[in-house]
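A closer look at the structure
Below are the chains, spelled out letter by letter.
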Amino acid sequence: MKAIPLWKRASLLLAAPVAALIFSILMSSIVLVLSGSSPLRAYADMFEHASRLETMIDILNRATPLYIAGVAAAIGFRMNLFNIGVEGQYLLAAIVAAHLGAMVTLTPVLHVTFIMLVAMVVGAAYSGFAGLLKVTRGVNEVISTIMLNAIAISGLVAYLVRLWQAGGAIDPGSAQQVGTTPIPESGLLPDLNVVVEGLFRELRQGKELTGVLLVAILVGVGYHVLVNRTRFGFDLRASGINPFAANVGGVPPKRMVVAAMALSGAIAGLVGLSEIMHIGFFPANPIKGLGFTGIAVALLGRNHPLGIVFAALIFAFLDVSSGVLQFTGAASREIVVIMQGVIILAAVVAYEIARRAREKEEARAAAEAMVAV
Amino acid sequence: MKRLSELPAWLRWSLYAAGGVLLLTVVQTLEGTDRLTSVTSAQSMLRWAIPILLAGLGGLYSERAGVVNIGLEGMMILGTWFGAWGAITYGAWWGIVAGIIGGALGGLLHAVATVTFGVDHIISGVAVNILAPGITRFLSSEILTNIPGGSITQSPRVPGVGSATIPFLAGGTIGNWTTPDLFGWLGTREWFFISDFANLLKGVMTRVSWVTLIAVLLVPLTAWLLWRTRFGLRLRICGERPEAGEAQGIDVYRYKYIGVVISGALAGMAGAFIASPELSGIYLEGQTTGRGFIGLAALIFGNWRPIGVLGGALLFGYPFGIGLRDLDGSASHGLILVNAIGLAAVAIWAFTRSKRTDTVLALALSGIFALWYFTTDVVPDVWINILPFVIVLLVLIFFAQRLRPPAADGLRYRKGQT
Amino acid sequence: MALAIELIGITKRFPGVVANDHVELKVEEGEIHAICGENGAGKSTLMKVLYWMLQADEGTMNVFGQEVRFASPTEAIGAGIGMVHQHFMLADQLTVLENVILGAEPVHALGLIDFDEAKDHLKKVAESYGLFIDPDDLVEELEVGERQRVEIIKVLYRGAKILILDEPTAVLVPQEVEELFRNMRDLKKDGATILFIDHKLDEVLAIADTITVLRQGQSVATVKPDQVTAQDLAELMVGSELPTPETTESTVRDEVALEVSGLTVIDQDERVIVDDVSFRVRRGEVLGIAGVEGNGQTELIEAVIGTSPAARGIVTLNGADVTRATVRHRREQGIGYIPQDRHREGLLLPAPLWENAALGHQTQQPFSKGIWMDRQGARQRTEDIRREFDVRTPDVDVPAHALSGGNQQKLIVGREMMAEPSVLLAAHPTRGIDVGAQAAVWEDIKAARRAGMATLLVSADLDELIGLSDTIVVMLRGRIVATLDPATVTPRDLGAFMTGATSAGAA
């Protein structure tokens with residue numbers, strides 16, 4: 001007696017994100033038509049461009065930090081915690097890691113590990129502080145991480161950028177960027193062009209596939225194993241679903257809150273890697289917003305390790321496409337930002353509707369089981 | 001002696017303000033500056049406080065109806081764009097109206113997601129904050145770039161609505177007659193504390209924008225609306241115990257919608273104010289710089305009450321106002337000592353209530369600030385930017401348990417599930 | 001006399017269940033009419049139908065002789081029907097006045113509330129029914145009984161002639177119950193009709209003029225209190241001989257499994273909640289703890305499982321001092337726990353059954369190996385629980401919230417029993433589940449007792465306590481005030497000890 005067949009479960013699971021995608025494409029099309037552009041041409045340009053190997057590399061490079069940020073946020077969500085502070089955590093972690101990474105001389109593998117560890121520790125400490133405030137002083141983590149974001153971004157990072165700024169232009173390749181002292185070669189992850197070129201063809205336009213992609217893959221696998229296969233992950237999820245039941249089940253809720261926040265922050269610390277590993281230092285004007293987009297990516301991906309992969313790729317695809325639209329002039333490039341926003345809103349609404357439909361289905365199935373047995 | 005908490009709110013907050021001014025006066029004497037209580041400091045404090053106040057009041061309407069609104073920032077962003085566009089295209093007042101409408105649309109979106117579809121309030125707020133800059137950027141690329149002087153990230157000059165100085169108290173004019181200037185006269189007496197207080201009061205009454213005046217008047221209006229009218233009682237029940245409202249036949253969804261849309265409208269008005277000449281005189285991408293979140297902070301600091309939100313807005317607007325004119329950094333430096341003394345006061349308060357952990361914690365933090373103050377002469381300018389957030393964190397650390405948010409704030413409510 | 005309410009053939013179905021099955025009810029004007037029935041008999045559904053929070057699928061309702069059909073509770077209020085919910089519908093941070101006038105506010109122009117008029121009206125209503133309350137108090141400052149009074153005033157303020165009270169005594173202490181009954185009689189004297197739900201039979205017999213009994217969704221009898229005994233009523237409710245748990249021979253062994261000595265628990269407000277409690281539970285023994293709710297039983301259990309700290313005293317488990325041990329350590333050492341509120345403390349509602357089966361045992365075989373969860377083992381064990389404890393479910397992957405209350409409880413009992421605990425803490429193990437599931441749970445506890453398990457049983461069901469326990473202790477205001485032998489004690493005696501009516505010692 002299988003009450004809910006597999007296909008039904010799967011379709012319930014997939015219906016929501018697909019519906020969200022279709023809805024946002026529809027909305028964007030309306031906006032495009034209203035602004036006098038042809039949606040078909042815009043989409044054609046976007047997909048045509050994305051089918052090129054070089055663009056795919058761009059998308060992967062962009063998706064890498066988004067994926068890590070998504071996992072960082074997802075760890076919090078699994079524990080029913082809103083780590084809105086991924087943004088501040090990754091920027092702070094990145095600048096400290098870049099600075100300390102440039103200070104030491106180590107063998108290659110050790111050096112990279114050192115930089116990653118510093119980033120994770122800084123992220124974990126900053127985020128864990130919010131967890132600590134929650135359990136010891138009853139401060140809601142949404143509010144505290146919002147405040148800590150502002151303190152990190154317009155305070156600490158802004159200050160440290162100037163304090164640690166290396167003299168003059170640094171990287172001759174990237175036009176007169178200023179930032180922290182460059183990290184020696186031994187501290188940088190090599191690019192993965194060998195793999196790509198081995199599989200496909202030579203990369204043009206000087207494109208490089210970031211080595212941080214490997215870190216992202218490790219993070220994803222680690223996240224899946226930790227949450228779904230280990231006892232700690234079970235405790236984490238149990239605490240997130242029902243802290244009272246978890247407590248009598250032997251899971252100390254306060255310790256789990258701090259642990260989850262710290263873990264989320266540690267992963268957030270890795271988000272900035274793709275920038276400091278790519279250009280070799282922390283720039284005075286770093287890419288911002290990855291943390292907030294990471295939250296959106298986690299939501300769209302339903303906190304699922306694979307779901308977040310798709311979500312990160314979709315967001316990265318849209319980001320990269322905006323350059324294409326600019327180039328071909330098919331439509332205003334800003335349409336993609338709207339698409340991102342609409343997707344995320346449509347997705348959360350669709351998930352909520354799907355959740356209710358699923359609960360009804362399950363209740364009906366269980367009621368039938370009672371009568372049938 | 002009557003307990004402080006038994007006094008009416010306006011009197012209690014006035015006492016807090018007087019205490020604060022006294023503290024500032026003492027500190028600025030030590031620091032050898034007059035910037036902490038000058039007329040211009042007060043003026044810029046008020047200007048900086050208005051967007052925070054409006055956003056905070058916006059948060060109040062939403063959260064009193066039970067919907068947490070961290071989308072205030074996004075709604076404020078919509079307000080800046082629509083405010084600038086409206087003012088440039090149709091004139092200054094229409095700019096304010098357009099800003100209000102733009103923000104209200106953002107609020108409507110948040111309401112649809114949280115109330116109709118039951119999406120988590122934080123999630124929806126994050127989504128609004130992501131969507132809003134996308135919309136303004138798109139609109140800029142479609143519209144601002146076609147206006148002379150505009151570009152994808154900024155607008156040409158935005159006209160303002162004009163201002164007035166309060167007669168008699170600050171020497172404003174009635175017709176052609178320049179009235180006496182009471183606070184101005186007091187301010188130049190160099191009487192300790194009294195002159196300082198007079199200067200600050202003159203500052204907040206001199207060349208006050210009409211929008212500022214409206215924003216300040218919204219404080220008593222909101223208190224009246226929420227605590228004295230049928231509408232207010234019904235809106236508040238949605239934030240405290242929506243099931244109880246539903247059981248009495250109140251359409252909870254409708255009130256939540258109204259609360260959240262008003263919330264967006266006020267955040268939008270705040271945005272329009274930011275783009276107006278009072279603060280910027282131009283639309284510039286990213287110009288809200290987290291002030292929606294500071295509004296949220298003012299709401300929490302003010303314990304979800306209008307007069308408290310005003311207090312929080314002035315407190316958080318103050319360091320921004322100071323920072324702008326503080327070229328040698330002495331005033332900012334003085335604020336460190338203000339923090340240290342404030343924390344010492346918290347320590348004494350905690351001690352009298354025999355809260356040992358709090359006492360030790362407050363003393364330790366106070367000591368750190370005091371040490372910082374006495375071992376340095378200058379302070380990094382970022383300090384002034386983060387001061388509001390530091391204050392909110394400190395307030396939460398010591399008073400989170402005493403704050404009373406609406407009981408059902410942030411909870412998912414579905415009709416008919418009681 | 002005229003009928004205030006008449007229900008004819010009311011039927012209400014939910015997926016898989018018929019909650020009300022052609023219910024007939026006649027309530028005369030000016031009487032106090034009780035509706036009793038077991039948990040799950042359909043009382044609450046009937047109340048909601050009466051108040052039009054739910055629309056009946058079939059049947060008609062007459063109010064004062066006229067057939068009515070309302071769209072919402074608002075219209076029911078308009079027709080003079082008022083409801084006092086079991087869980088009070090009050091906002092704590094609003095004043096009494098604000099709570100009372102909500103939805104019926106007298107206003108000036110501009111929607112400004114006329115607070116003077118409202119206060120006058122409230123005082124008039126309250127005084128005419130002898131209900132005293134300060135309209136300016138915040139509700140959060142009120143005692144439970146006072147809050148209930150606010151709820152009643154709220155209903156009267158709207159001019160209700162028919163009051164529906166949903167289990168009004170459930171949350172009250174005995175003195176407050178007396179006060180409530182006094183108020184109910186006053187209301188009746190002033191012409192109100194009262195309909196109330198209750199399943200405490202002595203209370204029903206004391207206050208009601210007429211009693212209607214519901215059983216499995218049907219109205220099975222309407223009787224007068226002077227024509228029936230509590231035993232008769234109970235049999236009407238259950239439908240046959242009362243199933244009472246009866247333990248036969250003693251299985252008590254010599255080894256002490258759980259020993260508590262001098263245990264004291266102090267709450268956040270520094271009040272002593274559990275006061276110097278000592279007892280021993282031997283292997284094969286069931287120690288029953290009787291007491292009116294709120295006399296420290298919950299906190300005692302929490303101190304033994306380890307979720308709230310003991311201020312003083314020692315908890316010894318199988319000879320080892322575990323007073324300072326974590327919950328996890330205690331569970332690994334063999335404490336099983338059936339919590340009183342399964343939704344709050346027992347289950348992960350959105351999680352699949354097999355994860356729920358692991359909860360509390362996730363550090364042990366077969367649920368985990370080292371730091372890894374053993375999904376295969378956990379599923380297998382859950383299948384075993386499903387089979388042996390008759391948990392009705394399509395499969396072990398459905399989430400817990402899809403199961404009925406009885407099946408959820410069987411799952412919890414099953415997961416605890418399968419772990420073969422040396423000590424079981426059972427708090428109201430059969431609360432809110434159907435008769436069949438109740439009998440199954442009793443049988444499970446008895447079987448484990450025979451196998452040598454020590455059980456600490458807290459229950460408000462006195463027959464359950466007497467039937468299952470080898471020894472009963474009574475808790476009153478945090479102290480153990482009596483130790484009794486279930487073989488000789490009656491529920492009536494027990495009730496006297498619980499309320500402090502009898503104070504002295506032993507049996």
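Just so you know, these numbers come straight off a predicted model, no measurement behind them. Just so you know, the residues in each chain are numbered from 1, in the order the chain's sequence is written. As a convention, the first chain written is A and the first ligand written is 1, with the rest following in written order. With pLDDT at 70 or above as the cut-off, local features in this predicted model cover only qualifying residues; side-chain atom pairs require 80 or more to be listed or tallied, and sums for whole chains, interfaces and linings still use all residues. Only hydrogens and water are set aside; all other atoms, that is, all heavy atoms of the structure, feed into the side-chain values.

Things to note about the overall build of chain C
From N to C terminus, chain C includes 17 helices and 22 strands. By the compact-globule yardstick of 23 Å for 507 residues, chain C fits well, its C-alpha radius of gyration being 25 Å. Each principal axis of the C-alpha distribution contributes one length, and for chain C these read about 70 × 55 × 50 Å. Whether a residue is buried, partly exposed or exposed follows from its accessible area with a 1.4 Å probe, protein chains only, as a fraction of its type maximum: under 20%, in between, or over 50%, in that order. Across the 507 residues that make up chain C, the buried fraction comes to 55%. For chain C, the accessible surface area stands at approximately 20,800 Å², while carbon and sulfur atoms represent 48% of it. Here chain C holds 49 positive side-chain charges and 79 negative ones, and the gap between their average locations is 4 Å. Helix and strand assignments come from DSSP, with helices taken as H or I runs of at least 4 residues and strands as E runs of at least 2, each series counted from the N terminus. Taken over C-alpha atoms, the radius of gyration is set against a globule rule of 2.2 Å times the number of residues to the power 0.38. Accessible surface is estimated by sampling points in the Shrake-Rupley manner with a 1.4 Å probe; for residues, cover comes only from the protein chains shown. Positive charges come from Lys and Arg, negative ones from Asp and Glu, while His and the chain ends are left out of the count. A single reference atom marks each charge: NZ on Lys, CZ on Arg, CG on Asp, CD on Glu.

Re the interface of chain A and chain C
For this analysis, residues touch if any pair of their heavy atoms sits within 4.5 Å. Counting residues at the interface gives 33 residues for chain A, matched by 40 residues for chain C. When chain A packs against chain C, the two sides together hide about 3,100 Å² of surface, and 61% of this comes from carbon and sulfur. Buried area adds together the accessible area that both of two parts lose upon being put together, with accessible area traced by a 1.4 Å probe. For the chain A face of the interface with chain C, the top three residues by lost area are Arg-231, Phe-234 and Val-248 of chain A, together amounting to 24%. The rule for a salt bridge is simple: a side-chain nitrogen of Lys or Arg has to be within 4 Å of a carboxyl oxygen of Asp or Glu. Counting across the chain A and chain C interface gives two salt bridges. Among the salt bridges present, the one from Arg-328 of chain C reaches Asp-235 of chain A, with a minimum N-O distance of 3.0 Å. Pairs of N or O atoms within 3.5 Å make up the polar contacts considered here, provided that, within protein, one atom can donate a hydrogen while the other can accept it, and that residues adjacent in sequence are counted only when both atoms are side-chain atoms. At the boundary of chain A with chain C, the tally comes to 13 residue pairs in polar contact (both at pLDDT 80 or more). Taken together, the elements giving at least two residues each to the side of chain A that touches chain C come down to α8 (212-229), α9 (231-241), α10 (243-248) and α15 (335-372) of chain A. At nine residues, α15 of chain A tops the list of elements feeding residues into the side of chain A that touches chain C.

A short note on the interface of chain A and chain B
Quite often, the size of an interface is put as the accessible area lost when its parts meet. Tallying the contact residues gives 40 residues for chain A and 45 residues for chain B. Approximately 3,600 Å² of surface area, both sides summed, lies buried where chain A meets chain B, with 79% of it carried by carbon and sulfur atoms. Joining chain A to chain B, the criterion identifies two salt bridges. Here Arg-137 of chain A makes a salt bridge to Asp-358 of chain B, at a shortest N to O gap of 2.8 Å. Counting the contacts that link chain A with chain B gives four residue pairs in polar contact (both at pLDDT 80 or more).

A word on the sheet that holds strand β1 (residues 3-14) of chain C
Residues and elements named next belong to chain C. Taken together, four strands build an open sheet; the order of strands is β2-β1-β4-β5 and the sheet is antiparallel. Each having just a single partner strand, β2 (17-28) and β5 (66-68) make up the two edges of the open sheet. Sheet twist, expressed as the average angle between the axes of neighbouring strands with direction ignored, equals 25°. Only strands joined by at least two bridges in the DSSP assignment are considered to pair. Examined bridge by bridge, strand β4 (residues 58-63) and β5 share three bridges and lie antiparallel to one another. Looking at the pairing, Asn-62 lines up with Glu-67 of β5. Convention adopted: a line fitted to C-alpha atoms gives each axis, helices being fitted over their contacting stretch, and angles between N-to-C directions are expressed from 0 to 180 degrees. Contacts from helix α1 (residues 43-50) reach β1, β2 and β4 within the one sheet, and its direction differs from that of β1 by about 120°.

Some thoughts on the pattern of salt bridges
The tally for this structure, following the rule as stated, stands at 42 salt bridges over all chains. The salt bridge involving Asp-92 of chain C is made with Arg-147 of chain C; its shortest N-O contact spans 3.5 Å. Placement of the pair is Asp-92 of chain C in the loop between β6 (81-84) and α3 (96-101) and Arg-147 of chain C in helix α5 (residues 144-157), with a sequence separation of 55 residues. It is possible to trace a salt-bridge network through shared partners that takes in Glu-352, Arg-355 and Arg-356 of chain A together with Arg-412 of chain B.

Concerning the environment of Lys-12 of chain C
All names here are of chain C. Considering the arrangement of structural elements, one finds Lys-12 in strand β1. Lys-12 sits 432 residues away from Asp-444 along the chain, and the two C-alpha atoms are 34 Å apart. With residues near it in sequence (within four places) discarded, Lys-12 still touches Val-18, Ala-19, Asn-20, Thr-45, Val-49, Leu-54, Gln-55, Ala-56 and Asp-57.

Description of unusual backbone geometry
All names here are of chain C. Omega for the peptide link from Gln-365 to Pro-366 comes to -5°, which places this bond in the cis form. Relative to the helices and strands, Pro-366 is located in the loop between α12 (353-358) and β17 (368-369). Phi is positive for Gln-216, close to 45°, though the residue is something other than glycine. Mapped onto the secondary structure, Gln-216 falls in the loop between β9 (210-215) and β10 (218-223).

Points about the domain arrangement of chain C
Looking at chain C, the domain boundaries give domain 1 (3-238) and domain 2 (256-498). Here domain 1 of chain C and domain 2 of chain C have C-alpha centroids that lie 34 Å from each other. Delimitation of the domains relies on an automatic or database domain assignment.

Considerations on the packing of aromatic side chains
All names here are of chain B. Any two of the Phe, Tyr and Trp rings considered here, Trp counted by its six-membered ring, make a pair once their centres fall within 6.5 Å; the pair's planes then place it as stacked at under 30 degrees, edge-to-face at over 60, or tilted in between. Scanning the entire structure with this criterion turns up 18 aromatic pairs over all chains. Arranged with centres 5.2 Å apart and planes meeting at 80°, the rings of Trp-81 and Phe-82 form a pair that is edge-to-face. By the burial criterion, Trp-81 is buried, and Phe-82 matches it. In this structure an aromatic cluster arises from ring pairing among Trp-13, Tyr-16, Phe-301 and Phe-316.

Side note on the pairing of strand β22 (residues 479-484) of chain C
Residue and element names in this part refer to chain C. Direction of pairing for strand β21 (residues 471-476) relative to β22: antiparallel, over a ladder of five bridges. Each bridged residue has a counterpart across the sheet, and for Met-475 the counterpart in β22 is Ile-480. Hairpin remark: β21 followed by β22, antiparallel, with two residues in the connecting loop; positive phi at Arg-477, about 50°.

Things to note about the side chain of Thr-382 of chain C
Residues and elements named next belong to chain C. Residue position: Thr-382 is located in helix α13 (residues 375-388). Here the side chain of Thr-382 touches Ala-378 through a polar contact of 2.6 Å, landing on its backbone oxygen. The residues touching Thr-382, leaving out its near neighbours within four places in the chain, are Leu-353, Trp-354, Ala-357 and Val-396.

Some words on helix α17 (residues 491-498) of chain C
Listed in full, the buried residues belonging to α17 of chain C are Leu-494, Ala-496, Phe-497 and Met-498 of chain C. Where α17 of chain C is buried, its residues contact β13 (286-290), α16 (462-468), β21 and β22 of chain C.

A word on α8 of chain A
Residues and elements named next belong to chain A. Take the residue count of a helix, subtract one, and multiply by 1.5 Å to get its expected span. The end-to-end C-alpha distance of α8, which contains 18 residues, comes to 25 Å, matching closely the 26 Å that a straight helix rising 1.5 Å per residue would cover. Buried residues of α8: Val-212, Leu-213, Val-215, Ala-216, Val-219, Gly-220, Tyr-223, Val-227 and Asn-228, and no others. Down the axis of α8, the smallest arc covering the buried residues is 165°, so these residues share one side. Starting at the helix axis, one direction is taken to each C-beta atom, and the arc is that of these directions.

Details of the sheet that holds β10 of chain C
Residue and element names in this part refer to chain C. Taken in spatial order, the six strands line up as β6-β7-β8-β3-β9-β10 in an open sheet, and their pairing is mixed. In the strand order of this sheet, the two ends are held by β6 and β10, each with one partner. Put simply, the sheet's adjacent strands are angled 20° from each other on average, direction ignored. Relative to strand β8 (residues 193-197), strand β7 (residues 162-165) runs parallel, the two being bridged by four bridges. The residue bridging Leu-163 from the neighbouring strand is Ile-194, located in β8. Each of β6 and β7 is contacted by α5, which is oriented at about 170° to β6, the strand it contacts most.

Focus: the confidence of the model for chain A
Scored from 0 to 100, pLDDT reflects the predictor's confidence in each residue. Mean pLDDT over chain A: 85, with 93% of residues reaching 70 or higher. Mean pLDDT across the elements of chain A bottoms out in α15 of chain A (78) and peaks in helix α11 (residues 253-269) of chain A (94).

Things to note about the packing of helix α13 (residues 306-325) of chain B against helix α16 (residues 382-399) of chain B
When two helices pack together, their arrangement is given by the angle between the helix axes and by the axis-to-axis distance. Residue and element names in this part refer to chain B. Between α13 and α16, the least distance of the axes is 8 Å, while the angle of their chain directions is 165°. One finds that α13 runs roughly antiparallel with respect to α16. When you trace α13 past α16, the crossing you get is right-handed. Facing α13, whose interface residues are Leu-315, Phe-316, Pro-319, Phe-320 and Gly-323, α16 presents Ile-384, Asn-385, Leu-387, Pro-388, Ile-391 and Val-392. Residues are grouped as follows: nonpolar covers Ala, Val, Leu, Ile, Met, Phe, Trp, Tyr, Cys and Pro; charged covers Asp, Glu, Lys and Arg; every other residue, Gly included, is treated as polar. Taken together, the residues that form the contact of α13 with α16 break down as nine nonpolar, two polar and no charged. Roughly parallel means an angle under 35 degrees; roughly antiparallel, over 145; roughly perpendicular, 65 to 115; everything else is oblique. Here a crossing is taken to be left-handed if its near helix is turned anticlockwise relative to the far helix by less than a right angle, and right-handed if that turn runs clockwise.

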